[in-house]
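Structural overview
Here are the chains, one letter per residue:
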Amino acid sequence: MVKSYLKVLLVSVVLLGLLAAPALAAGHTEDPVEIYFFPGGSPGGSFATVVQRGAREAAEILGDRVKVRYKWSEWDPQKMVNQLQEAIAARPDGIAIMGHPGDEAYRPFVEEAVEKGIIVTSQNTTLPELEAKYKSKGFGYVGQELYPSGYTLGKAAAERAGLEEGDLALVWGLKSEPTRGLRTRGAIDALEEKGIEVDYIEISSAVDADAAAGIPIITGYLQSHPDCKLVITDHGALTATQEEYFKSAGLDPDEIYGAGFDLSPATVRAIRSGYTDLVLDQQPFLQGFLPVMQIYLTSKYQFSGLHIRTGAGLVSAGNIEAIAPLAEEGIR
Amino acid sequence: MKNIHKHFGGVIALRGVDFTVGDNEVIGLIGDNGAGKSTLQKVLSGLYPPTKGEIYIRGEKINPRDYSVKKAHELGIETVFQEKALGEKQALWRNVFLGRQPVGPLGFLDVDKAKSETDRIMKDFLGFTGAGISPESTVSTLSGGERQGIAIGRAMYFEADLIILDEPTNALSVKEIGKVLDFIREVKRRGKSCVYISHTIAHIYEVSDRFVILDKGKIVDRREKGDLTEQELIDELTHHAAKSEEGADV
Amino acid sequence: MKLLEKVKTYNTQIGLTFIALLILVLFMVTAPGTFLRPRIYISFLSTTPFIGIAGLGLTLVLISGEIDLSFTAVMAFAGFVFATVMGFTGSIILGILAGLAAGSVVGMLNGMLVTLIGIPSIVVTLGMQFLIRGATNIIASGRATTLTEISGTPMYNILVGEIGGVIPAQSIWFLALAVLIWSLLFRHRFGDHILFSGDNPETAEMMGISVTKTKILVFTLFGMLAAFAGILDSFRLRTWWPTMGEGYLMTTMAAVFVGGTSMFGGEGTVYGTFLGAFLIGSLEAGIVAAGLSGFWTRFIYGILILIAVTVHTLLRRRS
């Protein structure tokens, strides 16, 4: 029996040693600015990877002056709060968080971080109260204004699709999340103001993590609502999957107007094929690049937090060709 | 005086069974598979209520609705089952006191008492000596015969006046079978009664005083040991089995 | 009891403690800046109890021979009931009691469907998971609720406040519940009933124990524990989302199985679940602090789970 214990011991040590090796091998340089960065989804997920790409580019430019670690949360607000606590414990110089959990849930931890001299900044989803409070300590925001973005897209989509009062549209979004839900609400409000009838479906966590899981849902909806003229998917990955969604519902590109958020190679294809007609790009690359810079600059020169709006352009078949190459590279 | 008289009608498994166990005797309940032995045992143990009929224990009539396993234990009736008597992953002391744990006011176990009593059972009733088995041992570490021993010891410890054994020698080695039969003789020696259920005639014949043969839910024969030899008993049983196969559904 | 026998009986716990220590040392070596300072451990004390408390309940259900996949939905549901009742009545205590009651009712329903109708528990609780999660979404119209008003109240401090300014109260609750559940399971009559219901239900019935009643009670108890965890989490975040708890299903199960409780029922370890919760809860932080990219996290979870469960199964077979 002692023998079997020893065997177990040996195997565990070897395995764990193998796992530790890469970490130990990484050399140490003198005093880089240590940053913990929240890209959002999962490693390899379409939107979050672009964000991380931006952060990595910033890290590369800064070279030895920064060291960035990434905490992936699969868009789960509870996980984000946990990860903030863990990040604080690691005593970095700065933490870049996403606002999904909301001001209230984050409050005591951000307070603690700032007290400990850690710079906190945000991207992708706003944290209005915390940003206002800690702006001078470097709390900035890089991302879109959620409500206005949703509203802009909703209004533009309805106009370009030629929808009138009484027409039916579907919004598939994340109304339930405190700040993140504002974009969904913006889109719904814009449509309802025009007298359009809006059906709403909440993105479940399964679909949030894997857009393909939504195929049966959207197919079911579209087949039972043949008079639906417009579909807005308030989620980068879902927008990237619109071509699959509409195809499996048996629709031609002209039979339905697809609108959504965020570019990706798949979205570019869908725009070119006509399935997706209008996309609001929030330039996620910048949401990774700029917060890293923000933390670095504040750390060195005590600059205050910058509020940078990245939700600018509407992309459609009209201007897709200019942007396509960048989207394919994972920059837009 | 132990006197259990049962009369059922209409229970599909048992039809109009009259069954009596007297003071200090061992009854061999014999029947082929499907004869209804198991059902009769379960009614006796308090697990199943009879659909129809009466139960008298020590001359007093018992309300079938009141009769349960707990009640049976209180009245001194214990059962030793094949294979189903013990929880294999649990310690011996838990098994012995299952359902009758010594408890404090809030239901918390008196573990010391349970363990020491189990120890006593193992030594006094069963003659277990050291040999690496303790009250904390898990049942899965015991052999088949030792497990039966624990089950029987449990019944004896709780001072059963009537011990019902359901197929106690199945899957046991020759030596262990001998031990079980010794236990039964010991039960008789202490002045208690036994109902030994089986279809292995040889063992039953050795230790029983009377035989009751069950077939298709009915009692088809009763014999005293002195009346017939083992071979004659086997012939009886075969005769009844053949008769029922002919479809004479009485 | 002789020492060797004692070691044999507790070998899963010893093996687990050993693995945990090994991993801790590994963390300390690869990320000394983080793991040689107290702050990270305090954050674990803050974040682990939620899967830990749920894990305790799951351990009981597994020991009784069943499984329950609905607890994350119960966590969210109870949190919602708590927030709503508190909003209506203005009383935190009433909200908490209502939340606990809500969880217990769902648990009881689970138990009844499993025992009285005979549907396998994996199916019942899977369906219940969707049912309750969906019902919560419907009633809440998909909206999150902020509960700012509870911070600073006495109940807040008792449940999730910082004891002595340092220790998160939820970890004390976790510890207390772990001790309580251990006593209930291994030193109480009811615990005997649970063990035998999972080990050999026929034996239990033959000895006069109602397996039906036992299982219903166990499910109800789990419902209450899950509700408590959900309410605690709502307190900690001072916010309630309809998606609460969703990320906890896999991690809680991982914690329990890494801890050493068997899928087959009849045996289990509370200490294992307690330690397993901390192991699973801390793994990702350690991986990131060591500098490994996010891709490693799942892989290492997988290795840990498989190694731990293999070791437990082999050790169990030996005894």
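Thresholds applied
- Residues numbered from 1 in each chain as written.
- Chains lettered and ligands numbered in written order.
- Predicted model: local features only at pLDDT ≥ 70, side-chain atom pairs only at ≥ 80, totals over all residues.
- Heavy atoms only, no water.
- Helix = DSSP H or I, 4+ residues; strand = E, 2+ residues; numbered from the N terminus.
- Buried < 20%, exposed > 50% of the residue type's maximum accessible area, 1.4 Å probe, protein only.
- Lys, Arg positive; Asp, Glu negative; His and termini not counted.
- Salt bridge = Lys/Arg side-chain N within 4 Å of Asp/Glu carboxyl O.
- Contact = heavy atoms within 4.5 Å.
- Buried area = accessible area lost by both parts, 1.4 Å probe.
- Polar contact = N/O pair within 3.5 Å; in protein donor to acceptor, adjacent residues only side chain to side chain.
- Nonpolar A, V, L, I, M, F, W, Y, C, P; charged D, E, K, R; others polar.
- Pairing = 2+ DSSP bridges.
- Axes fitted to C-alpha atoms, helices over the stretch in contact; angles between N-to-C directions.
- Phe/Tyr/Trp six-rings, centres within 6.5 Å; stacked < 30°, edge-to-face > 60°.
- Lys NZ or Arg CZ within 6 Å of the ring centre and 35° of its normal.
- Domains from an automatic or database assignment.

Residues and elements named next belong to chain A. By the secondary structure assignment, aspartate 277 is in the loop between helix H12 (265–273) and strand E10 (278–280). There is no salt bridge for the buried aspartate 277, and the closest opposite charge comes from arginine 160, which lies 9.2 Å off by N-O distance. Setting aside residues no more than four positions away along its own chain, aspartate 277 makes contact with Ile256, Tyr257, Gly258, Val315, Ser316 and Ala317.

Moving on, we come to the interface of chain A and chain C. Of the residues lining the interface, 48 residues belong to chain A; the matching set on chain C comes to 54 residues. Taken over both partners, the interface formed by chain A and chain C buries close to 4,300 Å², and the fraction arising from carbon and sulfur atoms is 62%. In this structure, the salt-bridge partner of Arg238(C) is Glu104(A), at a minimum N-O distance of 2.8 Å. Taken together, chain A and chain C are joined by 10 residue pairs in polar contact (both at pLDDT 80 or more). Taken together, the elements giving at least two residues each to the side of chain A that touches chain C come down to helix H1 (2–25), strand E2 (66–72), helix H3 (77–89) and helix H4 (102–115) of chain A. Looking at the side of chain A that touches chain C element by element, the count peaks at 13 residues for H1(A). Here the residues of the side of chain A that touches chain C are counted per class, giving 25 nonpolar, 10 polar and 13 charged.

This next bit is on the pairing of strand E8 (residues 210–215) of chain B. Residue and element names in this part refer to chain B. With six of its six residues buried, E8 lies for the most part within the structure. The alternating pattern of E8 places Arg210, Val212 and Leu214 on one face and Phe211, Ile213 and Asp215 on the opposite face, and all of these are buried. In the sheet, strand E2 (residues 26–31) pairs with E8 via five bridges, with the strands oriented parallel. When the sheet's bridge partners are listed, glycine 28 is paired in E8 with phenylalanine 211. Counting the residues between successive antiparallel strands, the hairpin from E8 to strand E9 (residues 218–224) contains two residues, one of them, lysine 216, with a positive phi of roughly 50°.

So, about unusual backbone geometry. A positive phi angle, near 75°, is found at Asn124(A), a position not held by glycine. As for its placement among the helices and strands, Asn124(A) is situated in the loop between strand E4 (119–123) and helix H5 (128–134). The phi angle at Glu167(B) is positive, at roughly 50°, despite the residue not being glycine. Note that Glu167(B) resides in the loop between strand E6 (162–166) and helix H6 (174–189).

Residue and element names in this part refer to chain A. Pairing in this open sheet of six strands is mixed, and the strands run E7-E6-E8-E9-E10-E12 from one edge to the other. Only two strands of the sheet have a single neighbouring strand rather than two, namely strand E7 (197–202) and strand E12 (314–316). Ignoring strand direction, the axes of neighbouring strands in this sheet form an average angle of 20°. Note that strand E9 (residues 257–261) and E10 share three bridges and pair parallel. Bridge pairing links phenylalanine 261 to leucine 280 in E10. Strands in contact with helix H9 (residues 215–224) are strand E6 (168–173), E7 and strand E8 (228–233); relative to E6, the strand with the most contacts, it is inclined by about 165°.

So, about the packing of aromatic side chains. Tallied over the entire structure, the rule returns 25 aromatic pairs over all chains. On the numbers, 5.9 Å between centres and 85° between planes, the contact of Phe97(B) with Phe158(B) is edge-to-face. Note that Phe97(B) is positioned in the loop between helix H3 (92–96) and helix H4 (111–125) and Phe158(B) in the loop between helix H5 (144–157) and E6, a separation of 61 residues in sequence. Grouping aromatic residues by their ring pairs yields a cluster made of Phe27(C), Phe35(C), Tyr41(C) and Phe44(C). Above the face of the Tyr200(A) ring, Lys175(A) is positioned so that its terminal group lies 4.8 Å from the ring centre. One residue, Arg100(B), lies across the ring of Phe158(B), its end atom 3.6 Å from the ring centre.

With that settled, consider the interface of chain B and chain C. Listed as interface residues are 32 residues of chain B and, on the opposing side, 27 residues of chain C. Interface area for chain B against chain C, summed over the two sides, is near 2,500 Å², with a carbon-plus-sulfur share of 58%. The three residues of chain B that bury the most area against chain C are Lys89(B), Arg94(B) and Leu98(B), which together make up 25% of that side's buried surface. Linking chain B to chain C there are one salt bridge. Linking Arg94(B) and Asp192(C) is a salt bridge whose minimum nitrogen-to-oxygen distance equals 2.6 Å. The tally of links from chain B across to chain C stands at 13 residue pairs in polar contact (both at pLDDT 80 or more).

Accessible area lost during the coming together of the parts is what is often quoted as the interface size. Residues and elements named next belong to chain A. The domains assigned to chain A are domain 1 (30–144 + 283–313) and domain 2 (146–281). With centres defined by C-alpha atoms, the gap from domain 1 to domain 2 works out at 28 Å. Taken over both partners, the interface formed by domain 1 and domain 2 buries close to 1,300 Å², and the fraction arising from carbon and sulfur atoms is 48%. A per-residue breakdown of the area domain 1 buries against domain 2 is headed by Trp75, His100 and Gln144, which together make up 37% of the total. Remark: the boundary between domain 1 and domain 2 carries zero salt bridges. Our count for the contact surface shared by domain 1 and domain 2 stands at three residue pairs in polar contact (both at pLDDT 80 or more).

Before going further, it helps to spend a moment on the pattern of salt bridges. Evaluated as defined, the whole model comprises 32 salt bridges over all chains. In this structure, Lys133(A) engages Glu111(A) in a salt bridge whose closest nitrogen and oxygen atoms are separated by 3.6 Å. You can see Lys133(A) sitting in helix H5 and its partner Glu111(A) sitting in helix H4, a full 22 residues away along the chain. In this structure, a network of salt bridges that share partners links the residues Glu104(A), Arg107(A) and Arg238(C).

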